[in-house]
Amino acid sequence: MTDSKPDTKTTTTAAKASKTTTAKAKPKAPSAASKGKTATTKPKTTTRATKTGKTSATPPAKAGAGKASEESLRATLTSNPGHPSSAIALCALLVAKDKLPEATELAKSALSLRPRNAGLLLNQARMQQKAHDMAGAEATYRRALALDPANLPALRELAALNEQQDRLHEALFLLRLALQVSPDHSKLKKRVRSLRERAFA
């Protein structure tokens, strides 16, 4: 009786057949239909690109924003004469366009309608200062401070006006008041130190 030895060739052939079967059982590559699904996502990218295109087209629109703003401000003042923020903004636009006389008249008109508005008083003082009416500007700044003693821009600008006229002690007094309103203001601290040295030199 002889021992039967395993048939190496048969085993090898069976193993190869098993691998071939396994390979055939692997999932197939995505079909054209599934590729179509992927392709359908592309229009989203195109849509985004279109949106981005619209956004990139915004800057040219902003070029005419100044004119639109002026028209809008004038419309607001027509329907609501003396509207403080609109009057102040329109005055600034007019000054930027070298239309100081019109800005000055607008400031006066708005203030006459709301004489106790600190913002309009401050605006009027600035217009007077630009027109070189320093006495009028100082009086108007003081009216604004009478209504709002903690008005930081009024304190600083009146201090600057006094400094220009070499009234250093008055300017220093006003800056110290401003520093009480805003004690952590580094630029104010520097101005106070500098002005104190000049005032007591």
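Residues numbered from 1 in each chain as written. Predicted model: local features only at pLDDT ≥ 70, side-chain atom pairs only at ≥ 80, totals over all residues. Heavy atoms only, no water.

Novice: Now, about the environment of Gln-165: what can you tell me, with residues and values included?
Specialist: Structurally, Gln-165 is set in the loop between α10 (152-164) and α11 (168-181). Since its relative accessible area comes to 34%, Gln-165 is described here as partly exposed. In sequence terms Gln-165 and Met-134 are 31 residues apart; their C-alpha atoms lie 9.4 Å from each other. (Helix = DSSP H or I, 4+ residues; strand = E, 2+ residues; numbered from the N terminus. Buried < 20%, exposed > 50% of the residue type's maximum accessible area, 1.4 Å probe, protein only.)

Novice: Break down the side chain of Asn-123 for me, citing the residues and quoting the values.
Specialist: Following the sequence through the fold, Asn-123 ends up in helix α8 (residues 118-130). When its relative accessible area of 5% is taken as the criterion, Asn-123 is described as buried. Sequence-distant contacts of Asn-123, that is, excluding residues within four places in its chain, are made with Ile-88, Cys-91 and Ala-107. (Contact = heavy atoms within 4.5 Å.)

Novice: Account for unusual backbone geometry, with residues named and values stated.
Specialist: In most cases, non-glycine residues show a negative phi, while peptide bonds are predominantly trans. For Asp-98, which is not glycine, the phi torsion reads 60 degrees and is therefore positive. For Asp-98, the location among the structural elements is in the loop between α6 (84-96) and α7 (100-113).

Novice: For the nonpolar core, give the residues involved together with the corresponding values.
Specialist: Counting residues in hydrophobic clusters, the biggest one holds 22 residues, and the most contacted among them are Tyr-141, Leu-158, Leu-175, Leu-188 and Leu-195. Ranked by residues supplied to this core, first place goes to α11 with seven residues. Residues contacting Tyr-141, with those up to four places away along its chain left out, are Leu-122, Ala-125, Arg-126, Gln-129, Ala-154, Glu-157, Leu-158 and Leu-161. With 15 residues, the next largest nonpolar core counts Leu-77, Leu-94, Ala-107 and Ala-110 among its residues. (Core = buried A, V, L, I, M, F, W, Y, C linked by side-chain atoms within 4.5 Å.)

Novice: Let's hear about a positive patch on the surface: which residues, and what values?
Specialist: A surface patch of positive charge is lined by Arg-176, Lys-187, Lys-189, Lys-190, Arg-193 and Arg-196. Ranked by residues supplied to the positive patch, first place goes to helix α12 (residues 186-199) with five residues. By the element assignment, Lys-190 lies in helix α12. (Patch = residues over 30% accessible without salt bridge, like charges linked within 9 Å, V, L, I, M, F, W, Y side chains within 5 Å. Areas by Shrake-Rupley, 256 points an atom, 1.4 Å probe, with all protein chains shown as cover. Salt bridge = Lys/Arg side-chain N within 4 Å of Asp/Glu carboxyl O. Lys, Arg positive; Asp, Glu negative; His and termini not counted. Charge placed at Lys NZ, Arg CZ, Asp CG, Glu CD.)

Novice: Report on the packing of α11 against α12, specifying residues and quantitative values.
Specialist: α12 packs onto α11 with a crossing angle of 155 degrees between their chain directions and a minimal axis gap of 10 Å. In this view, α11 runs roughly antiparallel relative to α12, as classed from their interaxial angle. Relative to α12, the crossing made by α11 is left-handed. Contacts between α11 and α12 involve Leu-168, His-169, Ala-171, Leu-172, Leu-175, Arg-176, Ala-178 and Leu-179 from the first element and Leu-188, Lys-189, Arg-191, Val-192, Leu-195, Arg-196, Arg-198 and Ala-199 from the second. Here the residues of the contact of α11 with α12 are counted per class, giving 10 nonpolar, one polar and five charged. (Axes fitted to C-alpha atoms, helices over the stretch in contact; angles between N-to-C directions. Parallel < 35°, antiparallel > 145°, perpendicular 65-115°, else oblique. Left-handed = near helix turned anticlockwise from the far one by under 90°. Nonpolar A, V, L, I, M, F, W, Y, C, P; charged D, E, K, R; others polar.)

Novice: Explain the packing of α10 against α11 residue by residue, including any values.
Specialist: For any two helices packed against each other, one specifies the inter-axial angle together with the distance between the axes. Relative to each other, α10 and α11 sit at 160 degrees, their axes nearing to 8 Å. By the angle class used here, α10 and α11 are roughly antiparallel. Here α10 runs over α11; the crossing is left-handed. The residues of α11 that touch α10, namely those facing Leu-152, Leu-155, Arg-156, Leu-158, Ala-159, Asn-162 and Glu-163, are Leu-168, Glu-170, Ala-171, Leu-174, Leu-175, Leu-177, Ala-178 and Val-181. Class assignment for the residues of the contact of α10 with α11 results in 11 nonpolar, one polar and three charged.

Novice: Summarise the side chain of Glu-70; cite the residues concerned and give the values.
Specialist: With respect to the helices, strands and loops of the structure, Glu-70 is situated in helix α5 (residues 65-79). Those residues in contact with Glu-70 that sit more than four places away from it in its chain are Leu-90, Leu-93, Leu-94 and Lys-97.

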